[in-house]
Amino acid sequence: RSSHLEFAKKAISWYMPNKLGHWQAQAHPPVGNPTKSVEVNDIIKVVKKKEVRGQGRSSNAKRPFTTAEWRKVVDMLDGCVAVEWKFKYSCVVRHMHHMILRPDDVSQFKLADLISHPQFSFALSQKVKWSKNVQEERACPDQILLGAMDPTYCILLALACYFSWYLHP
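Computed from a prediction, not measured in an experiment: that's the story for all the values here.

Participant: So what exactly am I meant to see when it comes to the pairing of strand β2 (residues 124-127) here?
Facilitator: Two strands pair when backbone bridges link them, and strand β1 (residues 114-116) and β2 are joined in this way by three bridges, in the antiparallel orientation. Bridge pairing in β2 links I115 to S125. Of the strand pairs in this sheet, β2 and strand β3 (residues 142-145) are connected by four bridges, and their pairing is antiparallel. From the neighbouring strand, Q126 faces β3, where its bridge partner is Q143.

Structure (structure tokens):
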């Protein structure tokens, strides 16, 4: 993959004493930074072109997060002896999954952001103000939190367990 080649190129360049020096392959011994070599950059371009065409090794980044992996993560957190891990972090993971958020977005969650949904009594609403794409207040509309029949996915159950532990330890 081109990302592996670019990582190796950057790693080699990091340890070069003369990072800015151009690669001179004709000199004996060769001088300069080999990561500035035209041949190295051409190979990376060829690999990128083949990736776009679907040739070569497939990307691991596009592999979906499977249900079995999700259940294993949740089961590990729910089975923790440490009560904080069992309730708090289990709720955080479910919240990230439910709202499709990043960990830093969920870590900014405040209880005041959570309100009962005005139209549906079985749901909650929340504003996600910390997303990386939010630049102004009107860009963060209310998001709806719905329960699930499966407790491994149910954000409402996770929040209820967390709040009952947090408010009454």
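Participant: Honestly, the sheet that holds β1 in this entry has me stumped. Any pointers?
Facilitator: In any sheet, the strands associate via hydrogen bonds between backbone groups, in a parallel or an antiparallel arrangement. Strand order in the open sheet made by the three strands is β1-β2-β3, with antiparallel pairing throughout. Unpaired on one side and paired on the other, β1 and β3 mark the two borders of the sheet. Each strand of the sheet is rotated relative to its neighbour by a mean of 35°, with strand direction disregarded. Sitting on the sheet, helix α4 (residues 83-99) is in contact with β2 and β3, with an inclination near 115° to β3. Of the strands in this sheet, β1, β2 and β3 touch helix α6 (residues 155-167), which is tilted by about 90° from β3.

Participant: Please explain the packing of α4 against α6 as it appears in this structure.
Facilitator: Packed helix pairs are specified by the crossing angle of their axes together with the interaxial distance, meaning the distance between the axes. Orientation of α4 relative to α6, taken along the N-to-C sense of each, is 150°, at an axis distance of 9 Å. Helix-helix and strand crossings are classified by hand; for α4 and α6 the assignment is left-handed. On the side of α4, the interface is formed by V83, E84, F87, K88, C91, R94, H95 and H98, while α6 contributes I155, A158, L159, C161, Y162 and W165. Partitioned by chemical class, the residues of the contact of α4 with α6 number nine nonpolar, two polar and three charged.

Participant: Is there a simple way to think about the pattern of salt bridges in this case?
Facilitator: Oppositely charged side chains may form a pair once their charged atoms are brought near each other. Counted by the stated rule, this structure contains five salt bridges. Notably, a salt bridge pairs E51 with R1, separated by 3.7 Å at the nearest N-O pair. With E51 in helix α2 (residues 38-52) and R1 in the segment before α1 (2-14), this residue pair connects regions lying 50 residues apart in the sequence. Taking the shortest distance from any N to any O, the salt bridge between E84 and K88 comes out at 3.5 Å.

Participant: What exactly am I supposed to notice about the environment of R94 here?
Facilitator: Looking at where R94 falls in the secondary structure, it is placed in helix α4. Classification of R94 as buried rests on a relative accessible area of 6%. In this structure, the C-alpha to C-alpha distance between R94 and L157, residues 63 residues apart in sequence, is 9.9 Å. Residue contacts for R94: discarding those within four places in its chain leaves W70, V74, D78, P151, T152, C154, I155 and A158. At 3.3 Å, the side chain of R94 forms a polar contact with the backbone oxygen of T152.

Rules of the game
Every chain is numbered independently, its residues counted from 1 as its sequence is written. Selection of residues for local features in this predicted model requires a pLDDT of at least 70, selection of side-chain atom pairs for listing and counting requires 80 or more, and totals for whole chains, interfaces and linings are taken over all residues. No hydrogens and no water enter the side-chain calculation; it runs on all heavy atoms of the structure. Paired strands are those between which DSSP finds at least two bridges. In DSSP terms, a helix is any run of H or I states spanning at least four residues, a strand is any run of E spanning at least two, and both are numbered starting from the N terminus. Orientation is described by lines fitted to C-alpha atoms, with helices fitted over the stretch in contact, and by angles between N-to-C directions that extend from 0 to 180 degrees. Should any heavy atoms of two residues lie within 4.5 Å, those residues are considered in contact. Left-handed describes a crossing whose near helix is turned anticlockwise from the far helix by less than a right angle; the clockwise case is right-handed. In this classification, the charged set is Asp, Glu, Lys and Arg, the nonpolar set is Ala, Val, Leu, Ile, Met, Phe, Trp, Tyr, Cys and Pro, and all remaining amino acids, among them Gly, are polar. Salt bridges are defined by distance alone: a side-chain nitrogen of Lys or Arg within 4 Å of a carboxyl oxygen of Asp or Glu. Buried, partly exposed and exposed residues are distinguished by accessible area as a fraction of the type maximum, computed with a 1.4 Å probe on protein chains only: under 20%, between the cut-offs, and over 50%, respectively. Polar contacts here mean pairs of N or O atoms no more than 3.5 Å apart (in protein, one a potential hydrogen donor and the other a potential acceptor; neighbouring residues in sequence count only if both atoms are side-chain atoms).

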